[in-house]
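Coordinates in review
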Amino acid sequence: MAYEPWQPGMTVTAGRLLTISPTWQEWTPIWSTTGASTPNFGNSNVSARWAQSALTVHFRVDIAFGSTTNFGAGTDNWQMSAPVAAPTTSGVVGFGEIQNTSSPGSRQPIRVRLGTTQDFQFEMAGGNIAATSTTSGAGLIDASTPGAWAAGSASIRFWGTYEAAP
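Residues numbered from 1 in each chain as written. Predicted model: local features only at pLDDT ≥ 70, side-chain atom pairs only at ≥ 80, totals over all residues. Heavy atoms only, no water.

Tallied over the full model, the rule gives 16 aromatic pairs. Aromatic side chains Phe59 and Phe120 sit 4.4 Å apart centroid to centroid with 35 degrees between the ring planes, which places their arrangement in the tilted category. Taken as a pair, Phe59 in strand 4 (residues 56–64) and Phe120 in strand 8 (residues 119–124) lie far apart in primary sequence, 61 residues in all. One aromatic cluster is present, formed by Trp31, Phe41, Phe65, Phe71, Trp78 and Trp149 through successive ring pairs. A cation sits over an aromatic face here: Arg60 above Trp24, 4.4 Å from the ring centre. (Phe/Tyr/Trp six-rings, centres within 6.5 Å; stacked < 30°, edge-to-face > 60°. Helix = DSSP H or I, 4+ residues; strand = E, 2+ residues; numbered from the N terminus. Lys NZ or Arg CZ within 6 Å of the ring centre and 35° of its normal.)

The two faces of strand 4 differ: Val57, Phe59, Val61 and Ile63 on one face are buried, but Thr56, His58, Arg60, Asp62 and Ala64 on the other face are not. Of the pairings in the sheet, the one linking strand 3 (residues 45–53) to strand 4 comprises nine bridges and is antiparallel in character. Counted as the bridge partner of Ala51 is His58 from strand 4. With antiparallel pairing between neighbouring strands as the criterion, strand 3 and strand 4 make up a hairpin whose turn holds two residues, including Ala54 at a positive phi of roughly 55 degrees. (Buried < 20%, exposed > 50% of the residue type's maximum accessible area, 1.4 Å probe, protein only. Pairing = 2+ DSSP bridges.)

Our focus in this paragraph is the environment of Asp142. You can see Asp142 is positioned in the loop between strand 8 and strand 9 (154–163). Residue classification places Asp142 among the buried residues on the basis of a relative accessible area of 3%. Between the alpha carbons of Asp142 and Phe71 there is a distance of 7.7 Å; along the sequence they are 71 residues apart. Asp142 has contacts with Gly74, Thr75, Asp76, Asn77, Trp78 and Trp149, leaving out every residue within four places of it along the chain. (Contact = heavy atoms within 4.5 Å.)

This part is about the sheet that holds strand 8. Across the sheet, which stays open at both edges, the nine strands sit in the order 1-3-4-9-6-7-8-5-2 with antiparallel pairing between neighbours. Here the strands that pair on one side only, and so sit at the sheet edges, are strand 1 (25–26) and strand 2 (31–33). Bridging between strand 6 (residues 90–100) and strand 9 involves seven bridges; their strand directions are antiparallel. Each residue of the ladder has a partner; that of Gly94, found in strand 9, is Gly160.

In the structure shown here, the tally under the stated rule is six salt bridges. Between Asp62 and Arg157 there is a salt bridge, and its shortest N-O distance comes to 3.6 Å. Here Asp62, found in strand 4, pairs with Arg157, found in strand 9; they are 95 residues apart in sequence, far enough to count as distant. Note on Asp62: relative accessible area 34%, which makes it partly exposed. The class for Arg157 is partly exposed, based on a relative accessible area of 25%. With a closest N to O distance of 3.9 Å, Glu123 and Arg113 form a salt bridge. A residue pair is termed long-range when its members are at least 10 positions apart, and Glu123 in strand 8 and Arg113 in strand 7 (residues 108–116) qualify at 10 residues. Because the salt bridges share partners, they merge into one network encompassing Asp62, Glu97, Arg107 and Arg157. (Salt bridge = Lys/Arg side-chain N within 4 Å of Asp/Glu carboxyl O.)

Below, the structure is given as structure tokens:
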């Protein structure tokens, strides 16, 4: 068999290189809930970045809630939009932490999941770093879980990887 230096479909182009080595880019997640109570970032500092290589999406988000943040009300579970849609929901696509800086030792781990094909949800994944349990302990994060959120003194950070819809 003779050696063919060029194979169809293997041409290196700028577009092909971008799918192999993606560029991180900014996105602004849309914060909503599974119910009628709509939260609002207000003057929060939101840093959200993502990159996609073929069907693999990487993301990282860091939000320091501001003094005018509205956390919603009740038990309507929080959702934040993903940068691109997934083909299906998923129980775990990443991890992160929440913290109420007005309460020392309040940093807690969270699991990030795709509750819909287009929205992240956040699930309590353990007690706080002071080794005490939370008052509401488990479940999805909302305006009252794991406790009262303090505008201007709370944050959420999360990161992960998931499969994009084809």
